[in-house]
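Single-letter residue listing:
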Amino acid sequence: MTAPLTPPHQPPNDDPWQKPQGAGATAYVPEAADETDTRTELKQAVGVTLAVALSGVLLGLLWLWLSPRVPLIAGDSAVFLKDTEGEEAIGADGTFVLLALGFGVVSAALVFFFRRRGGVPLVVGLALGGLLASGLAWLVGWVLGPDDVVAQARAVGQGATFDAPLELNARGALLAWPVAAMLVHLALTALFGPRDPEPEWVPFGAPYLPAGPDNAPTDAPRETGPQETGPQDGR
């Protein structure tokens, strides 16, 4: 008779660190969840950048419609300013800045309303979109406005008045939209953004027990049922 290859009674495996048989990969991987959230935020930031940048066309049309024109006079061999002390050029820059500030406030409010939990990529996309929108608005106003001064002077004739091309002399006006958008979005997030839960303060040296029905405070009143009374005497 030969001895069995395996003992008839094997000790139970009580090792809590050993992986159970048949178990596959872990169900929850924090790194994978973080990567998914990052990709989602990046996609949202790209969408916000494109939407805000395309809205620069509307800013350019409004700037072309509302900004004052610089009048010029056609001479024999040159073109002169009709009013050398005029402020039409400064008015054009000011109109662009005011419109850009308004667009920055509206875009920041819309982004916060639809994506209240947006992170840093969303704010960066909002600022980058505002900068691209300002450049696109400048291009639209310059292309659709009068462009060739010499051709216009020849067309209107000597001594006639015509409008100068629409120009943006203060290049810093391009930053009005992104700066306004970031400041307004930051203010809305600070005032109306979601709040993180406050941590629970535990006395020093006491064990930490998370709040729940099983960890109720010991000094809480206990519910008691109806008291039982013993048999009464027949007296």
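Scroll up a little and you will see the structure.
Residues numbered from 1 in each chain as written. Predicted model: local features only at pLDDT ≥ 70, side-chain atom pairs only at ≥ 80, totals over all residues. Heavy atoms only, no water.

(A) Broad picture of the packing of aromatic side chains. The full count for this structure, using the stated rule, is 3 aromatic pairs. Here the aromatic rings of Trp-63 and Phe-96 are separated by 5.1 Å at their centres, their planes lie at 75°, and the arrangement is edge-to-face. Here the residue Trp-63 occupies a position in helix α2 (residues 56-66), and Phe-96 occupies one in helix α3 (residues 88-114), the gap between them amounting to 33 residues. Phe-96 shares its class with Trp-63; the two are buried. Ring plane angle 85° and centroid distance 5.2 Å describe the contact between Phe-113 and Phe-114, whose orientation is recorded as edge-to-face. (Phe/Tyr/Trp six-rings, centres within 6.5 Å; stacked < 30°, edge-to-face > 60°. Helix = DSSP H or I, 4+ residues; strand = E, 2+ residues; numbered from the N terminus. Buried < 20%, exposed > 50% of the residue type's maximum accessible area, 1.4 Å probe, protein only.)

(B) Summary view of the side chain of Ser-134. Relative to the helices and strands, Ser-134 resides in helix α4 (residues 120-144). A relative accessible area of 0% places Ser-134 in the buried class. When sequence neighbours within four positions are dropped, the list of residues in contact with Ser-134 reads Phe-96, Leu-174, Trp-177 and Pro-178. (Contact = heavy atoms within 4.5 Å.)

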